[in-house]
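Chains, contacts and geometry: an overview
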Amino acid sequence: MNIVGLPALVGTYDNYIWVIHNEKEAWVVDPGESEQIIEFLNNNQLVLKAILITHQHFDHVDGVEALKEHCPNCTVYGPEKSNHPTIQVKCKENDSVQLNERFSLKVLDTPGHTKDHIAYYNDEALFCGDTLFTAGCGRILGGSVEEFSSSILKLRQLPDTLGFYCAHEYTNTNLAFAKLAEPENIQLQQRIDKTDIHYPAIHQGPQSTLGEEKLTNPFLRFDTPALKAELIKRGASNSASSLFAELRSWKDQFDKSH
Ligand SMILES: [Zn+2]
């Protein structure tokens, strides 16, 4: 399987729509737009088999209707807790989405960004939508800090080798905040030194690995000693949800000033 990221809502939300494909068939994750997908399908003579939705924000679903018109036989998968009218198959924790005879994705409930959010993963790839970003995480837009921190800890249990595919290109600002949060993290500095973003070009393959995120993404590291001490100094208590909440609100303040 090949996986490419098509830029969408460029200049406003800077999304990636991930297209999983072989020589004939394609599956699309979080289509907030449709034109670039239809063009990609046509250029590569691909039949769209399914659409996978992580949550029902418009920048993840607004392309679904036009794609259904283009490929009426494709199936739309989405969260059980979402009420978006285009979703045909509702998914929850431990469900399996069979993409073809050899390739399937498992579902994890990852509420926090929203109540309905789910992630899809298998032995090679993690599609985490707006739960985690490269070196960052989504904002709290409907879920709770308790939900969000436990979703992140759940994702942290998955193998380091997984290719990391999130729904937005926010790497540069996220790395700037990560450096502020963890100034002594050597792996983070190495990541900053090698990071070279070319958005809005088509992205080939994963943005990073879950292992790299575990080493450098502060939102996967709020309970590591140095960052935890800083968050407690800023007012957090010892619990995962409080540490996460403090880090998230620190990032919200950072975003306002950048
Ligand atoms: Zn969202």
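This section reports on the structure supplied with the text. This is a predicted model, so every value here is computed, not measured.

**Quick look at the sheet that holds strand 13 (residues 163-166)**
Spatially, the six strands line up as an open sheet ordered 7-8-9-10-13-15, and their pairing is mixed. If you trace the sheet from one side to the other, it starts and ends with strand 7 (96-100) and strand 15 (208-209), each paired once. Where strand 13 and strand 15 come together, two bridges link them in antiparallel fashion. The residue of strand 15 that forms the bridge with G163 is T209. Sheet strands in contact with helix 4 (residues 145-156) are strand 8 (103-109), strand 9 (118-121) and strand 10 (125-129), and its direction is about 145° off that of strand 8.

**Topic: the coordination of the zinc ion**
Protein ligation of the zinc ion involves H55 (NE2), H57 (ND1), H113 (NE2) and D130 (OD), the donor distances falling in the range 2.2 to 2.3 Å. In this structure, the zinc ion is surrounded by four donor atoms whose angles at the metal cover 89 to 171°, and the resulting shape is irregular. Each donor residue of the zinc ion belongs to the same chain, with the gaps between them written as H-x1-H-x55-H-x16-D. Note that H113 is positioned in the loop between strand 8 and strand 9 and D130 in the loop between strand 10 and strand 11 (132-133), a separation of 17 residues in sequence. Of the two residues, H113 and D130, both sit in the buried class.

**Quick look at the environment of Y199**
You can see Y199 is positioned in the loop between helix 6 (186-194) and strand 14 (203-204). A sequence separation of 164 residues divides Y199 from E35, and the C-alpha atoms of the two residues are 18 Å apart. Here A8 takes part through its backbone oxygen, which lies 3.3 Å from a polar atom of the side chain of Y199.

**Considering unusual backbone geometry**
With an omega dihedral of 10°, the bond running from Y199 to P200 counts as a cis peptide bond. Structurally, P200 can be placed in the loop between helix 6 and strand 14. Non-glycine residue N94 carries a positive phi angle of around 75°. When you line up the elements, N94 lands in the loop between strand 6 (89-91) and strand 7. By relative accessible area, N94 is classed as exposed at 54%.

**A look at the packing of helix 4 against helix 9 (residues 240-256)**
Closest axis-to-axis distance for the helix 4/helix 9 pair is 8 Å, and the angle between their directions is 100°. On the basis of their axis angle, the class for helix 4 and helix 9 is roughly perpendicular. When helix 4 is examined against helix 9, the residues V145, E146, F148, S149, I152 and L153 are found in contact with a partner set consisting of A240, S241, F244 and A245. When the residues that make up the contact of helix 4 with helix 9 are grouped by side-chain class, the tally is seven nonpolar, two polar and one charged.

**Considerations on the nonpolar core**
Formed by 29 residues in total, the largest nonpolar core has its most connected members in L126, L132 and L247. Counting residues per element, the ones that place at least two in this core are strand 9, strand 10, strand 11, helix 4, strand 13, helix 5 (171-181), helix 8 (225-233) and helix 9. Ranked by the residues each element gives to this core, the list is headed by helix 9, at five residues. Beyond its immediate sequence surroundings of up to four residues, L132 is in contact with C137, I152, L155, F164, C166, N217, F219 and L220.

**Concerning the side chain of N122**
Inspection of the secondary structure puts N122 in the loop between strand 9 and strand 10. Within the local environment of N122, its side chain forms a polar contact with the backbone nitrogen of E124, the two atoms lying 2.8 Å apart. In terms of polar contacts, N122 uses its side chain to reach the backbone amide nitrogen of A125, at 2.9 Å. Look past the residues within four positions of N122 in its chain and what remains in contact with it is F103, S104, L105 and L162.

What counts, and where the lines are drawn
- Residues numbered from 1 in each chain as written.
- Predicted model: local features only at pLDDT ≥ 70, side-chain atom pairs only at ≥ 80, totals over all residues.
- Heavy atoms only, no water.
- Pairing = 2+ DSSP bridges.
- Helix = DSSP H or I, 4+ residues; strand = E, 2+ residues; numbered from the N terminus.
- Contact = heavy atoms within 4.5 Å.
- Axes fitted to C-alpha atoms, helices over the stretch in contact; angles between N-to-C directions.
- Donors = N, O, S within 2.8 Å, 3.2 Å for Na, K, Ca; no water.
- Tetrahedral: all angles 85-135°; square planar, octahedral: opposite > 155°, others 65-115°.
- Buried < 20%, exposed > 50% of the residue type's maximum accessible area, 1.4 Å probe, protein only.
- Polar contact = N/O pair within 3.5 Å; in protein donor to acceptor, adjacent residues only side chain to side chain.
- Parallel < 35°, antiparallel > 145°, perpendicular 65-115°, else oblique.
- Nonpolar A, V, L, I, M, F, W, Y, C, P; charged D, E, K, R; others polar.
- Core = buried A, V, L, I, M, F, W, Y, C linked by side-chain atoms within 4.5 Å.

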